[in-house]
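Examining the three-dimensional arrangement
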Amino acid sequence: MGLLLQIVVFLITAAALGFAVGWLVRSRRLAAEQTRVEPDRQARLGSVTAERDRLRAGADATAASRPITADQAQLAARIAELERELATAHEANARHGAEVGRLEARIAELEAAPAAPARTPLGAGQGASGAAAAAPPGLDRPEGEPDDLQQISGIGPGIETTLHRLGIFHFRQIAAFTPENVAWVNQRLRFRGRIEREDWIGQAKRLAAGGQSLQ
């Protein structure tokens, strides 16, 4: 009976792990697909907007000089059609952006450590374990009580753990990032470009100055 129970527990654990891995892979594929198609979508939006504005300008100029004709009515209908297409495209963009944000947050949760380590005072040049930390070149070493980096929107438990491994424990360190520091950290994050896209530096400056988190 004990062996059967162990087998059942093993199967349930394996199924749960398989589901989590499958969800993570699917989430990354969706995020990558959004990144791939976004330039084409933006180009289409620009083209439709330009055509609408051109037709509207022509219609306004014609209407000011003579009564509305059948051609002008057709032109107005085309403008209305383009405006509906633009509205639909903007709604789709908003939905895609929200979905990508949700997927990135979910991936961060899946990659997060089971429990965040306790924050303890740091010695100069030391990480949470007391070992020397490899901070980005030229960046101040951590010292004193670590900050709660998860107050920065876009940093979850998993990313905070990664930053700690890189020797980054304080808002002041992130606030002082140079372009070289940003490139150095981006190379070590799973989702490159988050620092710029989510404005970690601006958020860190506000928090370091005693401001409130945006979350």
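Right, let's walk through the structure included here. (Residues numbered from 1 in each chain as written. Predicted model: local features only at pLDDT ≥ 70, side-chain atom pairs only at ≥ 80, totals over all residues. Heavy atoms only, no water.)

**Re unusual backbone geometry**
- With phi around 55°, Asp199 is a residue other than glycine that occupies positive phi space.
- Looking at the secondary structure, you find Asp199 in the loop between α6 (194–197) and α7 (200–208). (Helix = DSSP H or I, 4+ residues; strand = E, 2+ residues; numbered from the N terminus.)

**What to know about the pattern of salt bridges**
- Counted by the stated rule, this structure contains four salt bridges.
- In this structure, Arg78 engages Glu81 in a salt bridge whose closest nitrogen and oxygen atoms are separated by 3.3 Å. Here Arg78 pairs with Glu81, and both are found in helix α2 (residues 70–111), just three residues apart, close to one helical turn.
- Using a relative accessible area of 39% as the deciding quantity, one classes Glu81 as partly exposed.
- Note that Arg194 and Glu198 form a salt bridge whose closest N and O atoms lie 3.1 Å from each other.
- Given the relative accessible area of 6%, Arg194 is considered buried.
- Where salt bridges share partners, they join Glu51, Arg78 and Glu81 into one cluster. (Salt bridge = Lys/Arg side-chain N within 4 Å of Asp/Glu carboxyl O. Buried < 20%, exposed > 50% of the residue type's maximum accessible area, 1.4 Å probe, protein only.)

**Regarding the side chain of Gln173**
- In this fold, Gln173 is placed in helix α4 (residues 171–175).
- Among the polar contacts made by the side chain of Gln173, one reaches the main-chain amide nitrogen of Phe169 at a distance of 2.7 Å.
- Non-local contacts of Gln173, meaning those with residues more than four positions away in its chain, are made with Leu139, Asp140, Arg141, Pro142, Gly167 and Ile168. (Polar contact = N/O pair within 3.5 Å; in protein donor to acceptor, adjacent residues only side chain to side chain. Contact = heavy atoms within 4.5 Å.)

**Re helix α5 (residues 179–186)**
- Among all positions of α5, only Asn181, Val182, Trp184, Val185 and Asn186 are buried.
- Each element contacted by the buried residues of α5 is listed here: α3 (157–165), α6 and α7.

**A word on the environment of Ala176**
- Its location among the elements puts Ala176 in the loop between α4 and α5.
- Judged by its relative accessible area of 43%, Ala176 is partly exposed.
- Discounting chain neighbours no more than four positions away, the residues touching Ala176 are Leu139 and Asn181.

**Re the packing of aromatic side chains**
- Taken as a whole and assessed by the stated rule, the structure comprises zero aromatic pairs.
- The ring of Trp184 has Arg188 sitting right over it, with the charged end atom 3.7 Å from the ring centre. (Phe/Tyr/Trp six-rings, centres within 6.5 Å; stacked < 30°, edge-to-face > 60°. Lys NZ or Arg CZ within 6 Å of the ring centre and 35° of its normal.)

**Concerning the nonpolar core**
- Judged by nonpolar contacts, the single largest core of 20 residues is most densely connected at Ile174, Val185 and Trp200.
- Residue assignment for this core shows that the elements contributing at least two residues are α3, α4, α5 and α7.
- Leaving out residues up to four positions away in the same chain, Trp200 has contacts with Ile152, Ser153, Gly154, Ile155, Ile159, Leu163, Ile174, Leu189, Arg194 and Ile195.
- Judged by nonpolar contacts, the second largest core, of six residues, contains Leu45, Leu55, Ile79 and Leu82. (Core = buried A, V, L, I, M, F, W, Y, C linked by side-chain atoms within 4.5 Å.)

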